[in-house]
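# Architecture at a glance
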Amino acid sequence: MQDTQEYKNKKAFFEKVITLYGRNVVIEILQDKSIEIHKLHMANSNKSDGAIKKILLLARERGIEITHHDKAALSRISKNAKQDQGVAIDIISKSYQSADAIQELKSYRLIALDGIHNPQNLGMIIRSCAAGNVDGIILPKKNSAKISPLVVKASAGTLFKLPIYFCQKLEDVLREIDDADIYALSLEAKKELYSIQEGKKSIYVLGNESEGVSPEVAKLCNEKLIIEMNRDVESLNVAITAALIAFMQK
């Protein structure tokens, strides 16, 4: 029993760990003392240049564990051998949590992402939601952009200011929620976004940049909504759509 609980605790801990990479990104993270860091990973092949010296100095000043790996092992950690520059860092994000936690919330406005692949879009969505009237983002691990240095840059420092609920597939989460209004943003909808009366629990689903909300996810939504536009403009960028929802009046 004790071993089972220890395994669950360990799994829960590592689910909150986000690994980022790249020398400039790692320096920025190390300089931000509000970010909790688990471990710094370095390639043995790194030359002791200015950036590497600065990274090691900052890590030692903060008392962060430093581990050294061969280049192949570091690439497996960063999952991006072409861009990791021999450096990766594990961040403990308390705002990054399992979508199971949604069931414990008594009220919320959430934005769920279905097939968003562009990391800049993801970063801008996070920024808009953090600034606006949104309580969190549901982000699937499959068929989605991952939290990466590009997402961090596009979010402009807001990544850890808003709950991000991770799941394997968005469909699995939506099937389990039976007490919320789930809206799919769609160009095929008849009802306008700003005409709805929100309940205590609302989820707005934003779809893929080119194909929109997938048929599988659309079936699980209560209603489709559209943003009416003028001058024959067909659609908006998904990050702009997220911003409009984020700043709707509650």
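For the structure itself, consult the block above.
### Describing the sheet that holds strand β12 (residues 223-226)
Pairing within the open sheet is parallel, and its 8 strands lie in the order β5-β8-β7-β6-β11-β9-β12-β10. A strand with exactly one partner marks an edge of an open sheet, and here the two such strands are β5 (96-98) and β10 (191-192). With 7 bridges connecting them, strand β6 (residues 108-114) and strand β11 (residues 201-207) associate as parallel partners. By the bridge assignment for β11, Tyr108 is matched with Lys201. Across the sheet, helix α5 (residues 119-131) is in contact with β6, β7 (136-140) and β8 (164-167); its angle to β7 comes to roughly 155 degrees.

### Comments concerning the nonpolar core
With 53 residues, the main nonpolar core has Ile147 and Tyr204 as its most contacted residues. When near neighbours in sequence (up to four residues on either side) are disregarded, Ile147 contacts Ile18, Thr19, Leu20, Leu122, Ile126, Leu139, Leu159 and Ile164. In this structure, Tyr108, Leu110, Ala184 and Ile203 belong to the second largest nonpolar core, which totals 21 residues.

### Some thoughts on helix α4 (residues 71-78)
Turning to α4, its buried residues number three or more, namely Ala73, Leu74, Ser75 and Ser78. In this fold, the buried residues of α4 make contact with β1 (17-21), β2 (36-43), β3 (66-69) and β4 (87-92). Capping the start of α4, Asp70 holds a side-chain oxygen 3.1 Å from the backbone nitrogen of Ala72, two or three residues further along. Directly beyond the C-terminal end of α4, a positive phi value near 60 degrees is found at Lys79.

### A look at the packing of α5 against helix α9 (residues 238-246)
In contact at an axis separation of 9 Å, α5 and α9 are set at 10 degrees when each is read in the N-to-C sense. Taken together, α5 and α9 sit at an angle that is classed as roughly parallel. Contacts from Asn121, Met124, Ile125, Ser128 and Cys129 in α5 reach Val238, Ala239, Ala242, Ala243 and Ala246 in α9. Its residues assigned to classes, the contact of α5 with α9 comprises 8 nonpolar, 2 polar and no charged.

### Focus on the packing of aromatic side chains
For any pair of aromatic rings, the description rests on two quantities: the centre-to-centre distance and the angle between the ring planes. For the coordinates displayed, the defined rule picks out 2 aromatic pairs. Seen from their ring centres, Tyr96 and Phe166 are 4.8 Å apart, and the 35 degrees between their planes marks the pair as tilted. You can see Tyr96 sitting in strand β5 and its partner Phe166 sitting in strand β8, a full 70 residues away along the chain. Assigned by exposure class, Tyr96 and Phe166 land together as buried. It is Lys141 that lies over the ring of Phe166; its NZ or CZ is 4.5 Å from the centre.

### With respect to the pairing of β3
In β3, alternate side chains face the same way, and those of Thr67 and His69 are buried while those of Ile66 and His68 on the opposite face are not. The pairing of β2 with β3 spans 4 bridges and is classified as parallel. Bridge pairing in β3 links His41 to Thr67.

### Section: the layout of surface pockets
Computed from the structure, the largest pocket encloses a volume of approximately 700 Å³. Along the walls of the largest pocket sit 29 residues, with Leu20, Val25, Glu28, Ile29 and Val152 positioned nearest its centre. Mapped by element, the contributors of at least two residues to the lining of the largest pocket are β1, α2 (23-31), β4 and α6 (149-155). The greatest single-element share of the lining of the largest pocket, amounting to 5 residues, is contributed by α2. The class makeup of the residues in the lining of the largest pocket is 12 nonpolar, 10 polar and 7 charged.

Rules of the game
Residues numbered from 1 in each chain as written. Predicted model: local features only at pLDDT ≥ 70, side-chain atom pairs only at ≥ 80, totals over all residues. Heavy atoms only, no water. Pairing = 2+ DSSP bridges. Helix = DSSP H or I, 4+ residues; strand = E, 2+ residues; numbered from the N terminus. Contact = heavy atoms within 4.5 Å. Axes fitted to C-alpha atoms, helices over the stretch in contact; angles between N-to-C directions. Core = buried A, V, L, I, M, F, W, Y, C linked by side-chain atoms within 4.5 Å. Buried < 20%, exposed > 50% of the residue type's maximum accessible area, 1.4 Å probe, protein only. Polar contact = N/O pair within 3.5 Å; in protein donor to acceptor, adjacent residues only side chain to side chain. Parallel < 35°, antiparallel > 145°, perpendicular 65-115°, else oblique. Nonpolar A, V, L, I, M, F, W, Y, C, P; charged D, E, K, R; others polar. Phe/Tyr/Trp six-rings, centres within 6.5 Å; stacked < 30°, edge-to-face > 60°. Lys NZ or Arg CZ within 6 Å of the ring centre and 35° of its normal. 1 Å grid on protein atoms, 1.4 Å probe; cavity = no way out; pocket = protein on both sides within 12 Å on 5 of 7 lines; lining within 4 Å. Points joined across faces, edges and corners; volume = space filled by probe spheres on them.

That's the geometry; what it means functionally is another story.
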